[in-house]
Amino acid sequence: MDKKKIFLSLSDQSGFEQKYVQNAIDLNQITSGGSNVDSFEKKLENYLENTVNVAALNSGTSAIHLALVLLGIKAGDEVICQSFTFSASANPILYQGAIPVFVDSELETWNICPRNLEIAIVDRISKGKKPKAIIAVHLYGTPYKIDEIHSIADRYEIPIIEDSAEALGSKYKGKKCGTFGTYGIFSFNGNKMITTSSGGALITNSKHSKEKIIFYATQSKDKAVHYQHSEIGYNYRMSNICAGIGLGQMKILDKNVALRRENHLFYRDIFQNIDSISLFEILSNDFFPNYWLSTVLIEANVENNISKENLRNAFESENIECRPLWKPLHLQPVFEKYPFYGAKVAEELFEKGLCLPSGSNLTIDDKYRIEKVIKTFFNKK
Ligand SMILES: *Cc1c(COP(=O)(O)O)cnc(C)c1O
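Below: a short report on this structure. (Residues numbered from 1 in each chain as written. Predicted model: local features only at pLDDT ≥ 70, side-chain atom pairs only at ≥ 80, totals over all residues. Heavy atoms only, no water.)

**Brief notes about the overall build of the protein chain**
Heads up, the condition is: Going along the chain from the N terminus, every DSSP run of H or I of four or more residues is numbered as a helix, and every run of E of two or more is numbered as a strand. Only protein chains enter the area calculation, which uses a 1.4 Å probe; residues under 20% of their type maximum are buried, those over 50% are exposed, and those in between are partly exposed. Note on contacts: a residue pair is in contact if any heavy atoms of the two residues lie within 4.5 Å. Residue burial considers only the protein chains on display, and all accessible areas are found by Shrake-Rupley using a 1.4 Å probe. Working convention for charge: Lys and Arg count positive, Asp and Glu count negative, and His plus the chain ends are omitted. Charge positions are represented by NZ for Lys, CZ for Arg, CG for Asp and CD for Glu.
Helices and strands together make up the secondary structure of the protein chain, namely twelve helices and 15 strands. Relative to its full complement of 381 residues, the protein chain shows a buried share of 54%. Considering only residue pairs separated by 6 or more positions, the protein chain has 72% of its internal contacts joining residues 24 or more positions apart. Carbon and sulfur atoms make up 50% of the accessible area of the protein chain, which amounts to about 16700 Å² in all. Distance from the positive charge centre (44 side chains) to the negative charge centre (44 side chains) of the protein chain: 3 Å.

This is how it looks when you write it as C-alpha cells:
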C-alpha cells in the first residue's frame, strides 16, 4: 500500500511566489537585500498594523542572536529563557558566551510561568547576577501570559525578547504577537506559518534600531569607501530570492491562520468523546492562537495500551507524521548544566503530549485518514 505521507506542518503556496522570484532574476537582484526584501518588510509592517519596524533576516535564529547583540549581551551575562521550547530559542545565548537560566512553564498556556520567572529573577539578583534579558515564547502559536510576564519584566527593568517564531498571526487582547517585546522575532522556515524556504525577521519599535540591525546583519560596515569595521558583523540579511517567496506567501497568511485554526476545531470534534485525551484549549478569549500546531495530552493507560507513543506509532504505520512536544531544554544534554527554576510542568507536558498534523495544506482526504487512525486506535481499546 502506497500512502502519500501526511507531514506534521507544511505551508501552501499562493502561486505568486515564482513571479516575485522571477522579478528578482529579471532585475539581476540575486543578492542579499534588494527590492523584494524592502517590499516584504513593508508588507509585514502593514500586517503588524504599522506599529513596528521589521528587519528581514535569513532565519529566526539569527533574529534572536541579533536581538541579544543589540541588547549588549556579553560573555558571562545571564539570560532567562523559557525551558519548554525549541533549542533555537536558547542557542544564541551560547553564541554570545552568555549563560541561559531556564524557567518552567505554567499549565494554562504552556509558556513561561510568571511565578517561577519572578523567583528566578530574585534569586539571580541575590547572587549578584541580574538577568540581562528574558526570552519568552508563544509556543505552538499560543500567546504567553503577556500582561503578567511584562509587568514582572518592567518591575525589574529587564527587556523581553518575544520569540514569536511560531506565532505569526496570533493575538493577545486584539494586538498581534511579535509587537509586545523590546524585540520580537519571527521565523519563515519551511514548517512555520509562512515560508521563505529559510528566513526570519527581527521586530523593533525604533527606526534607529532597525538600521542598527541591518548594519550588524550585513557585516557591520562603517561609513567609508574602503571596508572599515569597528564592530563584529554577521551575514544574516535575508536573500532577495527568499523575500520573493515571502511576498507570494503574504497573500495567503490570513488564509493559513484560518486553516490552522480550523484544524484545531477538526481535532476538537474528534476528541470530544475520548476521555484519555485532551486537546489544548485557551484560557480565555484574550488569547487568539494561530494554532500553528494542534497539540494533545494523552493520559497513559497500561491496561488498554494507550500512550502517546502508541498513538504516534499508529499514525506512523499509516505514513502520518506526529511528533512529541518539545523536550524541555533544561533536560537536554547540551543545556542540563545551567540553572533551572520550576518543577515538572514542562517535563510532564513532554511526557504526555503529541503534536498532530497541522499544515495549512491538509486535504479532506488527509483529514479522513487522520480521523480513521484515531477512531481505530481508541475503539479497539
Ligand atoms: C523555528 C523556531 C525558531 C528558529 O527559527 P529558524 O527560522 O528555524 O531559525 C526559534 N524559536 C522557536 C520557538 C521556533 O519554533
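Next comes the rest of the write-up.
**Things to note about the packing of helix α1 (residues 17-26) against helix α8 (residues 240-250)**
Spelled out, the test is: For helices, the fitted line uses only the C-alpha atoms of the stretch in contact; every axis is such a line through C-alpha atoms, and the angle between N-to-C directions lies from 0 to 180 degrees. Here is the rule for angles: anything less than 35 degrees is roughly parallel, anything more than 145 is roughly antiparallel, 65 through 115 is roughly perpendicular, and the remaining ranges are oblique. Crossing handedness follows the turn of the near helix against the far one: under a right angle anticlockwise gives a left-handed crossing, and clockwise gives a right-handed one. In this count, Pro and Cys sit with the nonpolar residues alongside Ala, Val, Leu, Ile, Met, Phe, Trp and Tyr, while Asp, Glu, Lys and Arg are called charged and the others, Gly among them, polar.
Across the interface, α1 lies against α8 with an axial gap of 7 Å and an inter-helix angle of 150°. Considering the angle they form, α1 stands roughly antiparallel to α8. In this structure, α1 crosses over α8, and the sense of that crossing is right-handed. Contacts between α1 and α8 pair Glu 17, Tyr 20, Val 21, Ala 24 and Ile 25 from the former with Asn 240, Ile 241, Gly 244, Ile 245, Leu 247, Gly 248 and Gln 249 from the latter. In terms of residue class, the contact of α1 with α8 is built from seven nonpolar, four polar and one charged.

**Remarks on the pairing of strand β3 (residues 99-103)**
The line we're drawing: Pairing between two strands is assigned when DSSP locates at least 2 bridges connecting them.
With four of its five residues buried, β3 lies for the most part within the structure. In terms of strand pairing, β3 meets strand β14 (residues 340-341) through two bridges, oriented parallel. Bridging across to β14, Phe 102 finds its partner in Phe 340.

**Thoughts on the site of the ligand**
Cut-off, in case you're wondering: Proximity criterion: a residue is near a molecule or strand once any of its heavy atoms comes within 4 Å of it. As used in this structure description, the phrase polar contact means that two N or O atoms lie within 3.5 Å; if the pair is within protein, one of them must be able to donate a hydrogen and the other to accept it, and residues adjacent in sequence are counted only when both atoms belong to side chains.
The local shell around the ligand holds 15 residues, among which Gly 60, Thr 61, Glu 166, Ser 187 and Lys 192 are the closest. Between the ligand and Gly 60, the relevant distance is 2.8 Å, taken from an oxygen atom to a main-chain nitrogen or oxygen of the residue. Within the side chain of Ser 187, one N or O atom sits 2.7 Å away from an oxygen atom of the ligand. Calculation on the ligand without its partners gives an accessible area of 380 Å², and the protein chains cover 93% of this total. By residue class, the composition of the shell around the ligand is four nonpolar, eight polar and three charged.

**Some remarks on the pattern of salt bridges**
This is how it is decided: The rule for a salt bridge is simple: a side-chain nitrogen of Lys or Arg has to be within 4 Å of a carboxyl oxygen of Asp or Glu.
This structure, assessed with the given rule, holds 20 salt bridges. For Lys 173, the salt bridge is made with Asp 147, and the minimal N-O distance between the two is 2.5 Å. Pair noted here: Lys 173 is in the loop between β6 (171-172) and β7 (175-176) and Asp 147 is in helix α6 (residues 146-155), with a separation of 26 residues, a long-range link. Exposure remark for Asp 147: the relative accessible area of 36% places this residue in the partly exposed category. Linked through salt bridges whose partners overlap, the residues forming this network are Glu 41, Glu 45, Lys 210 and Arg 237.

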